[in-house]
Amino acid sequence: MNKLDEILILLKDLINYPGVSKDKEATNKLLDQIKESIPANLFVKKHEFDGFGSLVISNTRDDDFDIVFCTHIDVVPCEEYKYTEDENNVYGRGAVDMKGQVAVLLTLFKHLDTSKKVALFITSDEEIAGNCAKQLVEIYPNIKLAIIPDGGKDFNFICEEKGQLQIKLSVQTKSSHASQPYNGVNAITTLYDCYLKLLEKYPLPKSSDDYKTSVTLSKLVGGDALNQVPGYAEMYLDIRNVADDKHDDILDLVKEINSEIKVDIVTAGIAFTSDIENENIKEYLKACKDVLGYDPKIVKTEATSDAIYFCAKNIPTALMNPIGDYPHCPNEYVNKNSLLDLYKIYEKILKEGVIK
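What counts as what
- Residues numbered from 1 in each chain as written.
- Predicted model: local features only at pLDDT ≥ 70, side-chain atom pairs only at ≥ 80, totals over all residues.
- Heavy atoms only, no water.
- Phe/Tyr/Trp six-rings, centres within 6.5 Å; stacked < 30°, edge-to-face > 60°.
- Helix = DSSP H or I, 4+ residues; strand = E, 2+ residues; numbered from the N terminus.
- Buried < 20%, exposed > 50% of the residue type's maximum accessible area, 1.4 Å probe, protein only.
- Lys NZ or Arg CZ within 6 Å of the ring centre and 35° of its normal.
- Salt bridge = Lys/Arg side-chain N within 4 Å of Asp/Glu carboxyl O.
- Pairing = 2+ DSSP bridges.
- Expected span 1.5 Å × (residues − 1).
- Contact = heavy atoms within 4.5 Å.
- 1 Å grid on protein atoms, 1.4 Å probe; cavity = no way out; pocket = protein on both sides within 12 Å on 5 of 7 lines; lining within 4 Å.
- Points joined across faces, edges and corners; volume = space filled by probe spheres on them.
- Nonpolar A, V, L, I, M, F, W, Y, C, P; charged D, E, K, R; others polar.
- Axes fitted to C-alpha atoms, helices over the stretch in contact; angles between N-to-C directions.
- Core = buried A, V, L, I, M, F, W, Y, C linked by side-chain atoms within 4.5 Å.
- Parallel < 35°, antiparallel > 145°, perpendicular 65-115°, else oblique.
- Left-handed = near helix turned anticlockwise from the far one by under 90°.

A. Local environment of the packing of aromatic side chains. Considering all chains together, one arrives at nine aromatic pairs under this definition. Centre to centre, the rings of Tyr-192 and Tyr-195 are 6.0 Å apart; their planes meet at 45°, and the pair counts as tilted. Within this pair, Tyr-192 and its partner Tyr-195 are both found in helix 5 (residues 187–201), separated by three residues, close to a single helical turn. Tyr-192 gets classed as partly exposed once you look at its relative accessible area, which sits at 37%. Taken together, a centroid distance of 6.3 Å and an interplanar angle of 50° make the contact between Tyr-326 and Tyr-333 tilted. Residue Tyr-326 is classed as partly exposed on the basis of its relative accessible area of 39%. A cation over a ring is seen here: Lys-162 above Tyr-211, with NZ or CZ 5.3 Å from the ring centre. Seen from the ring of Tyr-236, Lys-219 lies directly overhead, with NZ or CZ sitting 5.5 Å from the centre.

So this is what it looks like as structure tokens:
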């Protein structure tokens, strides 16, 4: 059986398995099945963090690695967990985010041929938290190069991903009868006014090419009765920041707008950046050019991935996806031949790349 057929058979099995992030039992079962399939010459450790499982598959007993590949098997919910295909593509939940890449790497490790010390991380909570990857980098911090096939599309090399800041804003004001608004202070409109002022500083982007910080009002809760001015409200914001816009500056702006508003951080992750002048990154890009026949396009993207945890440890990180699109959408797909190209890129850097 050729390598592409191996990859596609595994990918189809993975897509048909409904491993939604919050279903710890299902994702742990899938990880256990993967663990049982790993060749006997490799070392496998299973970690659990708050019940979410992760695998570390390596060719060494050491905890120091030349190259680490980081992936995840969890997906967001959908109506049907079933693949379809045509001549060129495989369709289904997780096809490009990122069961296709997991299939590539499991096949690669099945046929592993390298003198380098390498490991494959497979996590199960990337879509909701990413804590597994964060904890694994704490356990295994000595990594010369991280490769994460979970960003962008069409073999574009991601030099920057936005950071994420999810915050809860709440305010206690003064309620009153709805017919007497002058006797109260509306908590809902107080929070909404704050949001509008944030948009003056950070106007919403109009397209993927409009690369700037975005502030999305994702949830607004307040009021106890239809005939009452609400005296308490909560607003949730999902902020995706470019590297130049720091979390502290955004939080300071909220306080400046209205010091009575309480701010609680729900989730915070730094912006990801990759230094294309780093020698190990150059080796990765050289392998890409040798396989693809062209220099990958260097781009920025609005998404967020587990790459931020490697970036926080100053680990050179290559972030790149095969050809595919529409993650989390009904028409999500990955191109079949691009998965083989991804395999060849990894094979080349494992055999020929000079990792320092």
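B. Structural detail: the pattern of salt bridges. Summed over all chains, the structure comprises 21 salt bridges. One salt bridge connects Asp-113 with Lys-351, and the closest N-O pair in it is separated by 3.7 Å. Remark: Lys-351 occurs in helix 9 (residues 336–352) and Asp-113 occurs in the loop between helix 3 (95–110) and strand 6 (118–123); sequence separation between them is 238 residues. Take Lys-351: its relative accessible area is 47%, and that puts it in the partly exposed class.

C. Quick look at the sheet that holds strand 15 (residues 272–273). Spatially, the three strands line up as an open sheet ordered 15-8-16, and their pairing is mixed. Of all the strands in the sheet, the pair left with one neighbour each is strand 15 and strand 16 (298–301). The pairing of strand 8 (residues 157–161) with strand 15 spans two bridges and is classified as antiparallel. The residue bridging Glu-160 from the neighbouring strand is Thr-273, located in strand 15.

D. Highlighting unusual backbone geometry. With an omega of -10°, the peptide bond between Asp-97 and Met-98 qualifies as cis. Positive phi, close to 65°, is recorded for Phe-155, a residue that is not glycine. By the secondary structure assignment, Phe-155 is in the loop between strand 7 (143–148) and strand 8. The residue Tyr-326 is not glycine, and still its phi comes out positive at about 60°. By the secondary structure assignment, Tyr-326 is in the loop between strand 18 (324–325) and strand 19 (333–335).

E. The arrangement of helix 2 (residues 24–37) in detail. Here helix 2 contains 14 residues, and its C-alpha end-to-end distance of 20 Å stays within 8% of the 20 Å for a straight helix at 1.5 Å per residue. Among all positions of helix 2, only Ala-26, Thr-27, Asn-28, Leu-30, Leu-31 and Ile-34 are buried. Among the structural elements, helix 1 (3–15), strand 1 (43–49), strand 2 (52–58), helix 3 and strand 6 are those in contact with the buried residues of helix 2.

F. Representation of the layout of surface pockets in the model. Estimated volume of the largest pocket: approximately 1,300 Å³. Taken together, 46 residues make up the lining of the largest pocket; nearest its centre are Glu-161, Glu-302, Ala-303, Thr-304 and Ser-305. No other element matches helix 4 (residues 131–139), which puts four residues into the lining of the largest pocket. Taken together, the residues of the lining of the largest pocket break down into 14 nonpolar, 16 polar and 16 charged. Its volume calculated, the second largest pocket comes out at about 290 Å³. Of all the elements in the fold, those that place two or more residues in the lining of the second largest pocket are helix 1, helix 2 and helix 3. For the lining of the second largest pocket, the leading source of residues is helix 1, giving five residues.

G. Structural detail: the sheet that holds strand 9 (residues 163–172). Strand order in this open sheet of four strands is 11-13-9-14, and the pairing throughout is antiparallel. Every other strand in the sheet has two partners, leaving strand 11 (214–222) and strand 14 (262–269) as the edge strands with one partner each. Going across the sheet, the axis of each strand differs from the next one's by a mean of 15°, ignoring polarity. Two elements, strand 9 and strand 13 (residues 232–241), share ten bridges in a ladder whose sense is antiparallel. Bridge assignment links Gln-164 to a residue of strand 13, and that residue is Arg-240. Sheet strands touched by helix 5: strand 9, strand 11 and strand 13. Its angle to strand 13, the strand with the most contacts, is close to 20°. Against the sheet, helix 6 (residues 247–257) touches strand 9, strand 13 and strand 14, its axis set at about 20° to strand 9.

H. View of the nonpolar core. Of all hydrophobic cores here, the largest spans 53 residues; its most connected members are Phe-69, Phe-109, Tyr-284 and Tyr-346. If you tally residues by element for this core, the top one is helix 3, at nine residues. When residues no more than four places from it in sequence are discounted, the contact partners of Phe-109 are Pro-39, Leu-42, Ile-57, Phe-69, Val-118, Ala-119 and Leu-120.

I. Molecular detail of the packing of helix 1 against helix 3. Taken N-terminus to C-terminus, the directions of helix 1 and helix 3 make an angle of 135°; their axes are 9 Å apart at the nearest point. Our classification of the angle between helix 1 and helix 3 gives oblique. The interaxial crossing formed by helix 1 with helix 3 has right-handed handedness. On helix 3, the residues touching Lys-3, Glu-6, Ile-7, Leu-10, Leu-11, Leu-14 and Ile-15 of helix 1 are Ala-95, Lys-99, Gly-100, Val-102, Ala-103, Val-104, Leu-106, Thr-107 and Lys-110. By residue class, the composition of the contact of helix 1 with helix 3 is ten nonpolar, two polar and four charged.

Nothing here speaks to function; it is geometry throughout.
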